[in-house]
Amino acid sequence: MNERTASPAPAEHPHSTLQFLGGAETVTGSKYLLTVGERRILVDVGMFQGEKQLRARNWLPFPFDAAGITDVLLTHAHMDHVGMLPRLVKQGFRGPVFATEGTVRLAEIVLRDGAKIQEQDARDANKGGWSKHSPALPLYTTEDVEATLPLFVTVPFDEDLDLDDGIVARYTRAGHILGSASITVWTRSTSVVFSGDLGRATHPVLKPRDAAPGAPYALIESTYGDREHPDPDLLPHEGFADVVRRTLERGGSVLVPAFAVDRTEVVLKNIAELRRDGRIPHCPVYVDSPMANLALDVYRSMPEELRDDLRPEELLEFPDLHSVRTPDESMALTRDSNRRPSIIVAASGMATGGRVLHHLQAMLPDRKNAVVLTGYQAVGTRGRQLVEGATKLKMHGEYVKVRAEVFQDSEFSVHGDGSDLLDWLRELEPRPRTVYCVHGEPDSANALMSRIEAELPGVDAIVPTHNEIVVLDGMHAVPESAPVPTLHPDRSLAPVPGARDAAAAPTAPAAAPLAAATAAITDYRLVTGADAAELSAAVTAALGEGYVPYGGPGIGAVDGAAVYLQALVRR
């Protein structure tokens, strides 16, 4: 692998800045805006999933001009990393979308399926009258997806991608799902590596992850940053096997909500192994997800990305494996009371939508049945409610009683645990000076932050806040001893274009002058915006004048109205 370092930046070269527009303080909606001069590069354009307050963010305007985004770099094809691409295009983006072949092929399936589900959900809501909006609308349509697909540009692993203006990117296998990558980006003044979602040291289906080129700055996912995946006490997946055996014996069926991309493949591989080893009886196995079946086809067509020791029958065909592709076939499967006991694998993995909801409605009230959850269940999802012991579940405007057995098999996870994440950081060369813990709930992100600083001396770990902007080149570093700058009531500040001057507002916070520790700072400014987009524009304008953000954004009051606030300093 070729060594690469950022070229020294001329004094007049603009800052490289990064804004955390998603995947900060939450495990969903990954979206990071890298600004280098006139270039605006989005790394991932994920959809927020889970709690209602998070999903509501998907409907907010982007805090930037979509037409001004010059490039998109995708780490992988899960909805929480690619799901807002069609909405970005709908609002004016026309630049290239760079991704590996596996990501391009899976993203096409994921986005088309996502648009159909949103369109159907809007139709159902309008028909059933359970939406607060009239009419209910999808975030984007199939037409928006078809306008997005021509923008994809396939890039190989482990080769430099020249993005012009002295910006270069390189994709490295991340071992999470097919095509998943970590992305290292070099600018003329700095470099930064985005982990994407990282797989465990070994993946049940795919080739293992590789070591990415290091950088002074790194973003690392922290989904499981506060825990270790348990080693099985007995045989692998014995809990899953036990549930299947007992459920079939009592004449019931097992429902496995599984992500259509990668999780379904891993579940099928394990079912095949359990059957081959005589640990579960033979029974019909149904894959009821058009997206999962199409994703299976992609996995089967890219054997060069699969483990060398993978048996073809573990992903291809085994006795009594059935692909349920049409809505009529799915509905027949749901309502067939005379069906033999079986295993049904259906999307989505956290039971947030899709065909799995109809199966849950039909199967949860019956004590003979079982539901096996196969991975992380985000806060606010139906899967999380089941894990936490919910006795009723709301679907399609109605509550369904939970009488079926519920079991969570944590062995299916293909997210790295705390040790896997630390190992990935240790492999980076050069080792980062600053690591931002992203894509994790607050507890897991903070636990990983503490562990990084304890085990990797000299590395500064940070949990960024939503919409926070940081400078990556460090050319105007602020002394750590300096307190957060605040406004003196008598200080007059020049307004930043597009932002109101908080100093002139009667409700602006009063504070003592800056302490002597801030002597290196020659100027400070507090800019505001009525919303995240206005604040982002104001901060960007101030960066052009040599200011840098100090701390994260906050909420304050100006003339009695709530506004977004950001402190900036210049020395």
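Just above sits the structure.
These figures come from a predicted structure and were not determined experimentally.

## Quick look at the overall build of the protein chain
Within the protein chain, the secondary structure is distributed over 14 helices and 26 strands. Sorting the 571 residues of the protein chain into buried and exposed places 56% on the buried side. In the protein chain, the share of contacts with a sequence separation of at least 24, taken over all contacts with a separation of at least 6, comes to 75%. As presented, the protein chain carries roughly 23,400 Å² of accessible surface, and 51% of it is formed by carbon and sulfur atoms.

## Some remarks on a positive patch on the surface
A grouping of Arg367, Lys392, Lys401 and Arg403 is seen on the molecular surface, where their side chains present a positively charged patch. Here arginine 403 shows up in the loop between β18 (398-401) and β19 (405-408).

## What to know about the sheet that holds strand β5 (residues 97-99)
Here we have 7 strands laid out as an open sheet, ordered β6-β5-β4-β3-β2-β1-β22, and mixed in their pairing. Every other strand in the sheet has two partners, leaving β6 (152-154) and β22 (469-471) as the edge strands with one partner each. Direction aside, the axes of adjacent strands within the sheet are offset by 25° on average.

## Considering the pattern of salt bridges
Tallying each qualifying case throughout the model produces 29 salt bridges. With its nearest N and O atoms 3.1 Å apart, the salt bridge here joins arginine 246 to aspartate 242. Taken as a pair, arginine 246 and aspartate 242 lie in helix α6 (residues 238-249) at a separation of 4 residues, close to a single helical turn. With relative accessibility at 31%, the residue arginine 246 sits in the partly exposed group. Ionic pairing is found between glutamate 405 and arginine 250, a salt bridge with its closest N-O pair at 2.9 Å. Placement of glutamate 405 in strand β19 and of arginine 250 in the loop between α6 and β12 (254-257) is noted, with a sequence separation of 155 residues between them. The exposure class assigned to arginine 250 is partly exposed, which follows from its relative accessible area of 29%. Each of Glu238, Asp242, Arg245, Arg246, Arg250, Arg279 and Glu405 takes part in a single network of salt bridges with overlapping partners.

## Remarks on the nonpolar core
Core analysis: the largest hydrophobic core is formed by 76 residues, its most contacted members being Val72 and Leu88. With 7 residues, the single largest contributor to this core is helix α4 (residues 101-128). Judged by nonpolar contacts, the second largest core, of 28 residues, contains Ile41, Tyr171, Val185 and Val470.

## Focus: the packing of helix α12 (residues 418-427) against helix α13 (residues 442-455)
Helices that pack against each other are described as a pair by the angle of their axes relative to one another and the distance between those axes. Relative orientation of the contacting elements α12 and α13 amounts to 50°, with a least axis distance of 11 Å. Considered as vectors, α12 and α13 are oriented oblique to each other. Pair α12 / α13 crosses with right-handed handedness. In this structure, α12 contributes Gly418, Ser419, Leu421, Leu422, Leu425 and Arg426 to the contact, and α13 contributes Leu448, Arg451, Ile452 and Glu455. Residue composition of the contact of α12 with α13, by class: 5 nonpolar, 2 polar and 3 charged.

## Here's the deal with α6
Here α6 spans 16 Å end to end across 12 residues, near enough to the 16 Å set by a 1.5 Å rise per residue. Contact partners of the buried residues in α6: β12, α7 (263-276), β15 (343-346), β16 (370-373) and β19.

## Notes on the side chain of threonine 374
By the secondary structure assignment, threonine 374 is in the loop between β16 and α11 (382-387). For threonine 374, a relative accessible area of 1% corresponds to the buried category. Polar side-chain contacts of threonine 374 include one of 3.4 Å to the backbone oxygen of proline 257. Not counting residues up to four positions away in its chain, the partners in contact with threonine 374 are Val256, Pro257, Ala258, Arg263, Val267, Asp409, Phe412 and Ser413.

## Concerning the environment of proline 549
Among the secondary structure elements, proline 549 is positioned in strand β24 (residues 548-549). Taking the C-alpha atoms as reference, proline 549 lies 7.1 Å from glutamine 566; in sequence the two are 17 residues apart. For proline 549, the contacting residues outside a window of four places in its chain are Ile469, Val471, Val539, Leu543, Gln566, Ala567 and Leu568.

Calculation notes
Residues numbered from 1 in each chain as written. Predicted model: local features only at pLDDT ≥ 70, side-chain atom pairs only at ≥ 80, totals over all residues. Heavy atoms only, no water. Helix = DSSP H or I, 4+ residues; strand = E, 2+ residues; numbered from the N terminus. Buried < 20%, exposed > 50% of the residue type's maximum accessible area, 1.4 Å probe, protein only. Contact = heavy atoms within 4.5 Å. Areas by Shrake-Rupley, 256 points an atom, 1.4 Å probe, with all protein chains shown as cover. Patch = residues over 30% accessible without salt bridge, like charges linked within 9 Å, V, L, I, M, F, W, Y side chains within 5 Å. Salt bridge = Lys/Arg side-chain N within 4 Å of Asp/Glu carboxyl O. Lys, Arg positive; Asp, Glu negative; His and termini not counted. Charge placed at Lys NZ, Arg CZ, Asp CG, Glu CD. Pairing = 2+ DSSP bridges. Axes fitted to C-alpha atoms, helices over the stretch in contact; angles between N-to-C directions. Core = buried A, V, L, I, M, F, W, Y, C linked by side-chain atoms within 4.5 Å. Parallel < 35°, antiparallel > 145°, perpendicular 65-115°, else oblique. Left-handed = near helix turned anticlockwise from the far one by under 90°. Nonpolar A, V, L, I, M, F, W, Y, C, P; charged D, E, K, R; others polar. Expected span 1.5 Å × (residues − 1). Polar contact = N/O pair within 3.5 Å; in protein donor to acceptor, adjacent residues only side chain to side chain.

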